[in-house]
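Working through the structure, step by step
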Amino acid sequence: MDNNLTESTVSSDTVYEGRILSVHRDVVTLPNGRTATREIVVTRDSVAVVPILPDGRVVMVRQYRYAGGEELLEIPAGRIEPGEDPEQAARRELLEETGLEPIRLQQVAGFFLAVGFATEFMRLYVAQVREAGDAAPDEDEFVRTEFLHPEDIPDAICGLRIRDGKTLSGLLFMAWTRGLPVPQGGCPAS
């Protein structure tokens, strides 16, 4: 076996085709020549936005997440529509979920959400925002806007009030780049 870690597809079967995702069962050749099965969730890529008001507060949305079985406090996010540019998607999602428009929008990171079994790649943006109107979420989406003061970010994370991966990434990036306090040595035991 050489240093190449690439797996190559031998066969691929679609075992489920839904409205927002499909599931594939692939047989792959491993670097050592053996074969293995990979079950992959295929879906469109997505965007997330850390919206910051002129007074420094972060605009968040609270919504019930069926898969997690609870309400979560999150940054605005959503899927990129076919043919849509990621920045356009970020602007659209921000307006739909919060009624805010970016004065300045900057992509700051990109990451796979669950690369062990899913294809979805998310682009993370930070936006300086202004009010534009009322939120207009999708008809099957129910959200409530909330605000988080930057100095409350460490307690929100350590207190497990923030448990969503994209939101953790966005808030930690914001704290890091703005010199906000980040718990040294991790969160205190609770």
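Structure report, in brief. (Residues numbered from 1 in each chain as written. Predicted model: local features only at pLDDT ≥ 70, side-chain atom pairs only at ≥ 80, totals over all residues. Heavy atoms only, no water.)

What about the packing of aromatic side chains?
Any pair of aromatic rings gets described here by the distance separating the centres and the angle formed by the planes. Worth spelling out the cut-off: Two rings belonging to Phe, Tyr or Trp (six-membered ring only in the last case) form a pair when the distance between their centres is within 6.5 Å. Interplanar angles under 30 degrees mark stacking, angles over 60 mark edge-to-face geometry, and anything in between is tilted. By definition, being over a ring means that NZ of Lys or CZ of Arg is both within 6 Å of the ring centre and within 35 degrees of the ring normal.
Tallied over the entire structure, the rule returns one aromatic pair. Its guanidinium or amino end placed over the ring of Phe147, Arg57 lies 4.5 Å from that ring's centre, counting from NZ or CZ.

Let's talk about helix α3 (residues 165-177)
Applicable threshold: For the purposes of this entry, the term helix denotes a DSSP run of H or I that reaches at least four residues, the term strand denotes a run of E that reaches at least two, and both are numbered from the N terminus. Working rule for helices: expected span equals 1.5 Å times residues minus one. Each residue is placed in one exposure class: buried if its accessible area under a 1.4 Å probe, protein chains only, is under 20% of its type's maximum, exposed if it is over 50%, and partly exposed if it falls in between.
Taking 1.5 Å of rise per residue, 13 residues should cover 18 Å, and α3 covers 18 Å from first to last C-alpha, within 8% of that figure. Those residues of α3 that fall on the buried side of the exposure criterion are Lys166, Thr167, Gly170, Leu171, Phe173, Met174 and Ala175.

Notes on the sheet that holds strand β1 (residues 8-17)
We count it as follows: Whether two strands pair depends on DSSP finding at least two bridges between them. A fitted line through C-alpha atoms represents every axis, and for helices the fit uses only the stretch in contact; the resulting angles, taken between N-to-C directions, go from 0 to 180 degrees.
Spatially, three strands are ordered β1-β2-β3 in an open sheet, and the strand pairing comes out antiparallel. Strands with a single pairing partner mark the edges of an open sheet, and in this sheet they are β1 and β3 (35-43). Here the strands of the sheet are splayed against their neighbours by 25° on average, with no regard to which way each runs. Pairing between β1 and strand β2 (residues 21-29): eight bridges, direction antiparallel. Looking at β2, one finds that Thr14 is bridged to His24.

Here we look at the pairing of β2
Here β2 shows a buried face lined by Ser22, His24, Asp26 and Val28 and an unburied face lined by Leu21, Val23, Arg25, Val27 and Thr29. As paired strands, β2 and β3 are joined by nine bridges and run antiparallel to one another. Within β3, the position partnered with Ser22 by the bridge is Val42. Where β2 folds back on β3, the antiparallel hairpin that results is connected by five residues, among which Gly33 adopts a positive phi of roughly 95°.

Let's talk about unusual backbone geometry
Generally, phi is negative for residues other than glycine and the peptide bonds are trans, each holding for most cases. Located in the positive-phi region is Leu160, a residue other than glycine, with phi close to 60°. Here Leu160 lies in the loop between α2 (153-158) and α3. Take Leu160: its relative accessible area is 52%, and that puts it in the exposed class.

Read these as spatial facts, not as claims about activity.
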